[in-house]
Amino acid sequence: LEEAEGGDVNAQYELATCYANGRGCMENQNRSTFWYTQAANQNHAEAMADLAFRISAGMGVKTIDEVASTKWYKKASDVGVAMAQFALGWRYAQGIGCQKNEEFAINLYRKAASRGVAGAQYNMAIRYESGKGLPQDSDRALKFYHQAATLEHEDAQYTLGQVYLQGECGVDVDTEEGLKWLMRAARQGYAKAQHALGMIYCGAAELTQVPVDYGKGVDWLRKAASKDHAAAQYQLSLCWRRGLAVDKDEKKADEWLMKAAYHGDETARDDLRAAGTPLDSVAATQQDLSDDLELQGFSKGERVDITDPSYDGGAADVAAQRSKEKRDKKLEKEQKKKEQQEAKAAKAAKEKETLEKGQAEGEGQEEQKADNEKAKKKKETKKKSRPTKDAEEEKEEGQDEGGTRREETGKEKKKKSIQKNKT
């Protein structure tokens with residue numbers, strides 16, 4: 001860390017790599033991108049290429065910036081980073097972060113292919129076979145397919161298997177060679193190759209040299225179906241429905257049919273329509289499918305132009321990383337939305353509580369005010385009635401006094417009369 005902070009470009013690059021992979025420290029993509037940027041600004045070749053990838057993938061940056069990514073790929077390409085040359089070629093081919101330019105793309109593919117980048121070799125093979133941007137040349141196409149396949153490029157292995165099984169690119173049909181390359185791709189976990197082998201062993205590929213073996217076929221179809229290969233899922237539904245290497249099970253057949261329709265298999269969708277099942281019920285979507293040809297089966301011999309730079313070397317790791325980041329972003333977004341909803345609900349509850357409390361206080365005040373008014377009126381009524389009462393009391397007292405005086409006068413008269421009589 002001290003060396004990196006001191007400006008040592010190699011230390012900066014190593015520190016960025018450590019933060020990126022969590023090696024010797026806690027994984028921190030933001031810190032990783034920071035140190036890649038520091039090293040790239042000092043023209044560290046690999047740092048420039050890695051920074052370009054991270055900016056495009058949205059790793060440790062606030063926003064994805066394809067123009068900035070292309071700029072850094074170009075800088076890395078100019079100093080001879082083969083992977084950057086391939087990536088930049090892909091960007092020119094697709095017009096990502098730059099103007100589309102097929103000529104630039106092919107020149108960069110050629111440079112990267114000559115330096116052993118399997119993805120570039122595969123794309124050169126496609127162009128020589130199809131004649132896209134280059135003169136059609138089956139021999140050169142076959143050469144580049146072999147180069148990429150030997151470097152364990154899965155699509156190249158799969159395509160080379162088809163070439164030999166169907167006798168394309170100027171070669172004779174060679175079932176053994178074709179199965180060899182399909183098997184190499186399938187053993188790497190490549191779903192398209194696994195589906196192709198499943199179809200072959202189930203007898204759907206019309207290869208008479210290969211004996212039908214439903215057991216093997218279903219095993220390969222299951223592996224492909226587990227990776228959400230739609231066509232394999234549909235074929236697996238047929239196996240359950242017909243009892244091919246498995247016991248008949250309509251429920252499982254329907255489950256795989258629904259999965260196939262969900263992942264975009266048109267035959268599965270047609271079957272559901274025929275059965276009167278609305279497609280809305282399976283939430284049919286093809287959003288996550290990167291290649292519609294994957295759904296058509298291998299027998300059509302279609303070529304897929306895989307232009308993603310991640311197909312070099314650690315393609316699976318890069319793809320997994322991207323998939324993980326996509327899931328994490330989705331979960332983060334959902335969590336944020338949930339928190340916002342909870343905060344909104346809490347705010348509404350608090351406002352309701354405050355309102356109810358205010359209403360209660362208002363009602364209490366009104367009651368108190370009414371009581372006060374009632375007491376005041378009672379007091380005033382009592383005050384008004386008091387003078388009348390006092391007058392009546394005084395009258396009664398006066399009457400009492402008068403009666404007493406009259407009584408006393410009568411007694412005196414009687415006394416005087418008695419005295420007079422005595423006299």
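Rules of the game
Residues numbered from 1 in each chain as written. Predicted model: local features only at pLDDT ≥ 70, side-chain atom pairs only at ≥ 80, totals over all residues. Heavy atoms only, no water. Helix = DSSP H or I, 4+ residues; strand = E, 2+ residues; numbered from the N terminus. Buried < 20%, exposed > 50% of the residue type's maximum accessible area, 1.4 Å probe, protein only. Contact = heavy atoms within 4.5 Å. Core = buried A, V, L, I, M, F, W, Y, C linked by side-chain atoms within 4.5 Å. Phe/Tyr/Trp six-rings, centres within 6.5 Å; stacked < 30°, edge-to-face > 60°. Axes fitted to C-alpha atoms, helices over the stretch in contact; angles between N-to-C directions. Parallel < 35°, antiparallel > 145°, perpendicular 65-115°, else oblique. Left-handed = near helix turned anticlockwise from the far one by under 90°. Patch = residues over 30% accessible without salt bridge, like charges linked within 9 Å, V, L, I, M, F, W, Y side chains within 5 Å. Areas by Shrake-Rupley, 256 points an atom, 1.4 Å probe, with all protein chains shown as cover. Salt bridge = Lys/Arg side-chain N within 4 Å of Asp/Glu carboxyl O. Lys, Arg positive; Asp, Glu negative; His and termini not counted. Charge placed at Lys NZ, Arg CZ, Asp CG, Glu CD. Expected span 1.5 Å × (residues − 1). Arc of directions from axis to C-beta. Polar contact = N/O pair within 3.5 Å; in protein donor to acceptor, adjacent residues only side chain to side chain. Disulfide = S-S within 2.5 Å. pLDDT = per-residue confidence, 0-100.

Some thoughts on the overall build of the protein
No. 1: Scanning the protein for helices and strands turns up 17 helices and 0 strands.
No. 2: Counting all 423 residues of the protein, 38% fall into the buried class.
No. 3: For the protein, contacts bridging at least 24 residues in sequence account for 47% of all contacts bridging at least 6.

A look at the nonpolar core
No. 1: One finds Tyr109, Met124 and Tyr145 to be the most contacted residues of the largest nonpolar core, which totals 61 residues.
No. 2: In terms of residue count, helix α4 (residues 45-57) provides more of this core than any other element does, 9 residues in total.
No. 3: Counting residues in hydrophobic clusters, the runner-up holds 17 residues, among them Tyr158, Leu179, Leu182 and Ala205.

Some words on the environment of alanine 149
No. 1: Considering the arrangement of structural elements, one finds alanine 149 in helix α9 (residues 138-150).
No. 2: Sequence-wise, alanine 149 and threonine 159 are 10 residues apart; in three dimensions their C-alpha atoms are separated by 8.9 Å.
No. 3: Setting aside residues no more than four positions away along its own chain, alanine 149 makes contact with Ala156, Gln157, Leu160, Trp181 and Arg184.

What to know about the packing of aromatic side chains
No. 1: The final tally for this structure, using the stated rule, is 7 aromatic pairs.
No. 2: Where tyrosine 92 meets phenylalanine 104, the ring centres are 5.2 Å apart and the plane angle is 85°; that geometry is what we call edge-to-face. One end of the pair, tyrosine 92, is in helix α6 (residues 82-94); the other, phenylalanine 104, is in helix α7 (residues 102-114), with 12 residues separating them in the sequence.
No. 3: With a centroid separation of 5.9 Å and 70° between ring planes, the pair formed by tyrosine 158 and tyrosine 190 is classed as edge-to-face.

Concerning the packing of helix α5 (residues 66-78) against α6
No. 1: For the pair α5 and α6, the least separation of the axes is 8 Å and the interaxial angle reads 140°. For the element pair α5 / α6, the angle class is oblique. Seen from above, α5 lies across α6 with left-handed handedness. Within the contact between the two elements, α5 uses Glu66, Ser69, Thr70, Tyr73, Lys74, Ala76 and Ser77 and α6 uses Ala84, Gln85, Ala87, Leu88 and Arg91.

Section: a negative patch on the surface
No. 1: There is a patch of like negative charges on the surface, built from Glu2, Glu3, Glu5 and Asp8.
No. 2: With respect to the helices and strands, aspartate 8 occurs in the loop between α1 (2-5) and α2 (9-21).

Here we look at the pattern of salt bridges
No. 1: By the definition in use, this model includes 12 salt bridges.
No. 2: Note that aspartate 155 is salt-bridged to lysine 192, the shortest N-O span being 3.7 Å. With aspartate 155 in helix α10 (residues 154-166) and lysine 192 in helix α12 (residues 191-201), the pair connects residues that are 37 residues apart, well separated along the chain.
No. 3: Accessibility expressed as a relative area gives 1% for aspartate 155, which makes it buried.
No. 4: Look at lysine 192 and you get buried, because its relative accessible area is 8%.

Section: α2
No. 1: With 13 residues, α2 ought to run about 18 Å at 1.5 Å a step, and its terminal C-alpha atoms sit 19 Å apart, in line with that.
No. 2: Buried-residue contacts for α2 involve α1, α3 (29-40) and α4.
No. 3: Residue glycine 22 follows α2 closely and has a positive phi angle near 70°.

Description of helix α16 (residues 266-274)
No. 1: Among the residues of α16, Ala268, Arg269 and Leu272 are the ones counted as buried. Looking straight down α16, one finds its buried side chains confined to an arc of 100°; they lie on one side.
No. 2: Each element contacted by the buried residues of α16 is listed here: α14 (230-242) and α15 (250-262).
No. 3: The N-terminus of α16 is capped by aspartate 265, whose side-chain oxygen sits 3.2 Å from the backbone nitrogen of threonine 267.
No. 4: Immediately beyond the C-terminal end of α16, within one or two residues, lies glycine 276, with a positive phi of roughly 80°.

Quick notes on the side chain of glutamine 233
No. 1: Within the secondary structure, glutamine 233 sits in helix α14.
No. 2: Here glutamine 233 is in contact with Ala225, Asp228, Trp256, Lys259, Ala260 and His263, once residues within four sequence places are set aside.

Topic: the packing of α2 against α3
No. 1: With their axes 8 Å apart at the nearest point, α2 and α3 run at an angle of 160° to one another. Classified by the angle between their axes, α2 and α3 sit roughly antiparallel to one another. α2 and α3 meet at a crossing whose hand is left-handed. Facing Val9, Gln12, Tyr13, Leu15, Ala16, Thr17, Tyr19 and Ala20 of α2, the residues of α3 in contact are Gln29, Arg31, Ser32, Trp35, Tyr36, Gln38 and Ala39.

Section: the state of the cysteines
No. 1: This structure, assessed with the given rule, holds 0 disulfides.
No. 2: Note on cysteine 25: no disulfide assigned, nearest cysteine sulfur contributed by cysteine 18 at a separation of 5.5 Å.

A word on the side chain of arginine 54
No. 1: By the element assignment, arginine 54 lies in helix α4.
No. 2: Among residues more than four places away in sequence, those in contact with arginine 54 are Ala20, Gln29, Ser32, Thr33, Tyr36, Met59 and Val61.

Points about the environment of arginine 54
No. 1: Overall, the relative accessible area of 5% leaves arginine 54 in the buried class.
No. 2: Considered as a pair, arginine 54 and tyrosine 36 are 18 residues apart in the sequence and their alpha carbons are 9.4 Å apart.
No. 3: Of note is the side chain of arginine 54, whose polar atom sits 2.9 Å from the side chain of threonine 33.

Some points on the confidence of the model for the protein
No. 1: Taken as a whole, the protein shows an average pLDDT of 80; of its residues, 74% reach a score of 70 or greater.
No. 2: For the protein, per-element mean pLDDT is lowest for helix α17 (residues 315-422), which scores 62, and highest for α9, which scores 96.

Concerning unusual backbone geometry
No. 1: With a phi close to 55°, cysteine 169 is a non-glycine residue in the positive phi region.
No. 2: Mapped onto the elements, cysteine 169 comes out in the loop between α10 and α11 (175-187).
No. 3: Unlike most non-glycine residues, alanine 245 shows phi in positive territory, near 65°.
No. 4: As for its position among the elements, alanine 245 is in the loop between α14 and α15.
No. 5: We classify alanine 245 as exposed; its relative accessible area is 51%.

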